[in-house]
Each structure stands twice: as structure tokens, then as C-alpha cells.
Amino acid sequence: MNTYARLPVSFVRGEGVWLWDESGKRYLDALAGIAVSGLGHGHPKLVRAIAEQAARVIHTSNLYEIRTQSELADRLCALAGMDEVFFCSSGAEANECAIKLARYYAHHNGVHNAAIVVMEHAWHGRTLATLSATGSRKAQAGFEPLVPGFVRVPFADEHAVRQAADANPNIVAVLVEVLQGEGGINVAHTDYVRALRRICDEKQWLLMIDEVQSGIGRTGKWFGFQHAGIRPDVITLAKGLGSGVPIGACVAAGRAQGVFKPGSHGSTFGGGPLACVAGLATLAAMEDEKLLENAARMGELIRSGLRDALAGVAGVVEIRGMGLMIGIELDRPCGDLVKRALEAGLLINVTADRVIRLLPPLVIREAEARELVASLAALVRQFLGRGA
């Protein structure tokens, strides 16, 4: 179906942060498959683990025990300080699971017509429920009627959440990204995240944090919420968890633990042997190679480098982000920069019309980070009419 406005390139090989197209041209990948390929391309530990598992067994279904699924669940719970995991195949499915869990929690607590607080500019997926939770009218247009049960408030506004609570006694949860990706790399300050934790505790709500894009080391910690020193009731994961092998997870603790029972929810492909081995290999490689520390260090290098290179350039509004989740906001739509960058051998993305989004692999090295800065700064200056 004609659902993608694809760029005129096809990649045939990758190594680290580099991709090669059919003609042999090399590109610096500063998008990582939209925050998916945290280990870069062709990582030997991941390749070996996938190949060995594929030779043993690829799929059995959740009718049976899957040892690697249990191992990955234990690993995620240990890293996040959580208690139980449901595995699926994508971020949208993980968020669907969280929404269903909140409604089931409401049902068992005598709350009818349950509602979930969601944020302006949020992005939670393209299924009908997650699209309804998403804060993009452009994405929602034409798919009405949307799923009811969401109360939308401005992002990073504690007072608005409290106002919503006063006006809606059937609210049972808050669903939020601590670092909005599709919304324009908007960072929630730690005080706001802690305030949400307090509100949810006061109201007996579930605090559900969407870590689909920000999780698995991208912000310099395993999960974005850890910067605020709190524990959510639910986190949702996907993207970087399998380094390109589709896998998602809805992770629960506290009031959300034990809500689902056998038959409450399910997935044919979720948590299969191959995907879970990819997840385990990803986490192990990240730990062995200290990629959280690298994400924090390289992210600061890229942001500071861009600030220096673009200092005083009219049209640059702000450079922001956490770790290797970086946004450069301009004062005008800049989608054309994606094609210009492609021609220059650089893969980037533009979101929210005016924000250049950088999501490079967590394995990026200093020389590659500096090359990224130099290349992108020249493109931005040229685009804004300031020369290279």
C-alpha cells in the first residue's frame, strides 16, 4: 500500500554507524532505524546470537514455556526495578497493553468509563487506541471516531494534570513520555516527572511511562524515568530492545502488578525465542561495551558541538535532548533537509515539522560524532542561508 513517502535509496550492507547503498555509497546513520539499531549494524555478538538461535528454534508460541523469555523478563525487571513483563512485537502493542491494563485495573477497582491522562504532542502508536492517545491531529485525521477514554493536557504542566483530576473522577492513569520523540524531542524536567509520581500516589492512579523511543540506554540511562529517581507502575518498551528484531514489552510493578490473569491478554509472536535472544544479546553487549556511558558522553559532545557550530545563526531556536536523543529546532519547516542530508551521505529525520531529530547508534565513536556535527552544521547553515 502507498503508506510511505520513501527516499530514493536502498541499503544493502551496514557496519557500526555506517550503511552502504546499492551503488557502494557510504552513509553515516544518525537515525538508527528510528532509535532501533542501538548496537549499530552487523554487531558480531548480536549476529552470532540470532544465527545460533535460528538454527535451534525460531518459534513455539506462548502455549509453552520459553526459557529465553523468562530470562529476558528477569533481566528487564532487574534493570528497571519492576516486577513482571508482557512481551509483544512492537511499541504500539506495548502501549495497547498498557491501556488495556489501566482499564482492567479500573474495572477491578469499581471505576466505570475509565479515563487516562495523555499529553499534547505525545506519540504512542498507530493502532486505534494508541492513535487516540497520541497528540497529533494530523495522524488522527480520517480515522474518527477515535477511541474514547483519554483526557489530554499540555505536556510538562503539573497544574493541568491536577485540574484534569478535579474535573474527571474516573481517571485511573497517566500515560506520558519523559522525552517526547515524534513530538519534537521535548524533555520533561525531573521535577515534573516526580510530581506525576506524587499525583498518581495521591489518587491511586497508575503512572505509565512510554519508553519505546527513550528506553534501552538511549538517554544515557537504561530508561529515561531513571533520571528522575522514581519508579513507574508501567513502562512500555520496543525499538532498541531487539536491535532490529521486532520485540516490545509492557513492564509492570506496584499497583499494576498482578492485574492481568491468564486469558486477560495475549500475543502470537510476542516473546518468541528468536526475539528474546536478540534482546538478551542487546542488553549484554550494551553492558559489556559500556554503551550507556557512551550514549551520555557522545550525546553531550554532539549537542555542545552543534551549539558551538551554530552559535549566532539566525533561525536556530534550540538544541536539546538527553543522551543520543537529540533535537535541533529551527524557526521554519525543514523537511527538505532530510533529502539534502541524504545527498551528503548523512541519515537524519525531521519531526514536528521544524525539529531535526538525531538518534544515532549507541556505539557511535568520537570521530564519527564529530563528523556528524560538522556535516549537519554545514547543512543547517546552508539551509538557513548562512553558507557552509
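What counts, and where the lines are drawn
Residues numbered from 1 in each chain as written. Predicted model: local features only at pLDDT ≥ 70, side-chain atom pairs only at ≥ 80, totals over all residues. Heavy atoms only, no water. Helix = DSSP H or I, 4+ residues; strand = E, 2+ residues; numbered from the N terminus. Contact = heavy atoms within 4.5 Å. Core = buried A, V, L, I, M, F, W, Y, C linked by side-chain atoms within 4.5 Å. Buried < 20%, exposed > 50% of the residue type's maximum accessible area, 1.4 Å probe, protein only. Salt bridge = Lys/Arg side-chain N within 4 Å of Asp/Glu carboxyl O. Axes fitted to C-alpha atoms, helices over the stretch in contact; angles between N-to-C directions. Parallel < 35°, antiparallel > 145°, perpendicular 65-115°, else oblique. Left-handed = near helix turned anticlockwise from the far one by under 90°.

A. How the structure looks around the environment of Leu372. With respect to the helices and strands, the residue Leu372 is situated in helix H12 (residues 366–383). Residues Leu372 and Gly184, 188 residues apart in the sequence, show an inter-C-alpha distance of 20 Å. Setting aside chain neighbours within four positions, we find Leu372 in contact with Leu28, Ala30, Ile302, Leu346, Leu358 and Ile364.

B. How the structure looks around the nonpolar core. If you look at the biggest cluster of nonpolar residues, it comprises 97 residues, and the most contacted ones within it are Leu306, Ile328, Ile356 and Leu358. Not counting residues within four places of it along the chain, the set of residues in contact with Ile328 comprises Leu306, Leu310, Val316, Glu318, Ile319, Arg354, Val355, Ile356, Leu358 and Leu376. Within the second largest apolar cluster, 27 residues are counted, among which are Phe150, Ala173, Cys250 and Phe260.

C. Structural view of the side chain of Thr130. Mapped onto the secondary structure, Thr130 falls in helix H5 (residues 128–133). Residue classification places Thr130 among the buried residues on the basis of a relative accessible area of 0%. Setting aside residues no more than four positions away along its own chain, Thr130 makes contact with Ala92, Asn95, Glu96, Ile99, His124 and Gly125.

D. Seen up close, the pattern of salt bridges. Inspection of every chain in the model, using the stated rule, returns 21 salt bridges. Here Lys45 makes a salt bridge to Glu289, at a shortest N to O gap of 3.9 Å. Here the residue Lys45 occupies a position in helix H2 (residues 44–56), and Glu289 occupies one in the loop between helix H9 (273–288) and helix H10 (291–309), the gap between them amounting to 244 residues. The salt bridge partner of Arg357 is Glu182, with a shortest N-O separation of 3.1 Å. Of this pair, Arg357 sits in strand S17 (residues 355–358) while Glu182 sits in the loop between strand S8 (179–180) and strand S9 (186–187), and the two are 175 residues apart along the sequence. Connected through salt bridges with shared partners, the residues Arg197, Asp201, Asp233 and Arg255 form a single ionic network.

E. Fine view of the side chain of Glu368. Within the fold, Glu368 resides in helix H12. With relative accessibility at 6%, the residue Glu368 sits in the buried group. Not counting residues within four places of it along the chain, the set of residues in contact with Glu368 comprises Val17, Trp18, Leu28 and Val363.

F. Just the packing of helix H11 (residues 336–343) against H12, in detail. Contact pair H11 / H12: the axes reach a minimum separation of 11 Å and the direction vectors enclose 135°. When the axis of H11 is compared with that of H12, the two are oblique. The interaxial crossing formed by H11 with H12 has right-handed handedness. In this structure, H11 contributes Asp336, Leu337, Arg340 and Ala341 to the contact, and H12 contributes Leu379, Val380, Gln382 and Phe383.

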